[in-house]
Amino acid sequence: MPRKFFRRLTPNRQRIVNQPFLRPVAQFLGDPNLWHLNRRSVSGGVALGLFLAFIPLPGQMLIAAVGAIAMRVNIALAVAMVWATNPITIPPLLWLAYQIGAMLTGAELAPPTGEMSVGYAMSQLPAIWLPLGVGLLTLSFISSLLGFTVIRVVWRINISIHKRRRRAQRFLRMRQSQRDSRKH
């Protein structure tokens, strides 16, 4: 099930490699191992993407792709997981990161004194950069570790269920063949 689920989500390797604007890097993207869906590559891609999602850098998707090539993990999932932080989720995640960072650094949580806006937030940056940075790094590590672990555990459980089903089917076929041999 995990493989089928992720196969539906990931784009076709050939379609990506054949894009004209990707010709200069096609030799790197064409490696089938970067698109393979196994427990290691999927969990690594998810972990890398989630880690980078909370680091406020320009070009996160490009960094995720380069990191996936370097780490030999699923490139499509690494790039897709960067979108865990998007224009809709980033405001509450920044607030959560600040709260976590303030708790870890012991910074005083000052209530907003002005209207909440981008300008107000930028004016407060000198006071909030340390708790915000610590909080974002903490969220990066936690989400990355959690994503990696959840994928590995779910994959392992799915393999166990699949093996049990196959064993049960073999047992039923064996019992059926024994019954059939007794009839004759």
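See the structure printed just above.
Residues numbered from 1 in each chain as written. Predicted model: local features only at pLDDT ≥ 70, side-chain atom pairs only at ≥ 80, totals over all residues. Heavy atoms only, no water.

### A look at the overall build of the chain
In step 1: What the chain contains, in helices and strands, is nine helices and zero strands.
In step 2: Starting at the N terminus, the α and β elements of the chain follow one another as α-α-α-α-α-α-α-α-α.
In step 3: Looking at the 184 residues of the chain, the share that counts as buried comes to 32%.
In step 4: Sequence separation of at least 24 residues holds for 72% of the intrachain contacts in the chain that already meet a minimum separation of 6.
In step 5: Per element, the accessible surface of the chain, about 12500 Å² overall, is 67% carbon and sulfur. (Helix = DSSP H or I, 4+ residues; strand = E, 2+ residues; numbered from the N terminus. Buried < 20%, exposed > 50% of the residue type's maximum accessible area, 1.4 Å probe, protein only. Contact = heavy atoms within 4.5 Å. Areas by Shrake-Rupley, 256 points an atom, 1.4 Å probe, with all protein chains shown as cover.)

### Quick look at the packing of helix H4 (residues 39–53) against helix H9 (residues 125–183)
In step 1: Between H4 and H9, the shortest axis-to-axis distance is 7 Å and the interhelical angle comes to 160°. For the element pair H4 / H9, the angle class is roughly antiparallel. Our pair here, H4 against H9, has a crossing hand that is right-handed. Of the residues in H9, those touching H4 at Arg-39, Arg-40, Val-42, Ser-43, Gly-44, Val-46, Ala-47, Leu-50 and Phe-51 are Ser-140, Phe-141, Ser-143, Ser-144, Gly-147, Phe-148, Ile-151, Arg-152, Trp-155, Arg-156 and Ile-159.
In step 2: A breakdown of the residues in the contact of H4 with H9 according to their chemical character gives 10 nonpolar, six polar and four charged. (Axes fitted to C-alpha atoms, helices over the stretch in contact; angles between N-to-C directions. Parallel < 35°, antiparallel > 145°, perpendicular 65-115°, else oblique. Left-handed = near helix turned anticlockwise from the far one by under 90°. Nonpolar A, V, L, I, M, F, W, Y, C, P; charged D, E, K, R; others polar.)

### Section: H9
Since the α-helix turns once every 3.6 residues, residues separated by three or four places project in the same direction.
In step 1: Its 59 residues give H9 an end-to-end C-alpha distance of 83 Å, which sits within 8% of 87 Å, the value for a rise of 1.5 Å per residue.
In step 2: In H9, a bend of some 30° at Pro-131 exceeds every other bend along the element.
In step 3: Residues of H9 that are buried include every one of Pro-131, Leu-132, Gly-135, Leu-136, Thr-138, Leu-139, Ser-140, Ser-143, Ser-144, Gly-147, Ile-151 and Trp-155, and no others. (Expected span 1.5 Å × (residues − 1). Bend = angle between axes of the 7 residues up to and from the residue.)

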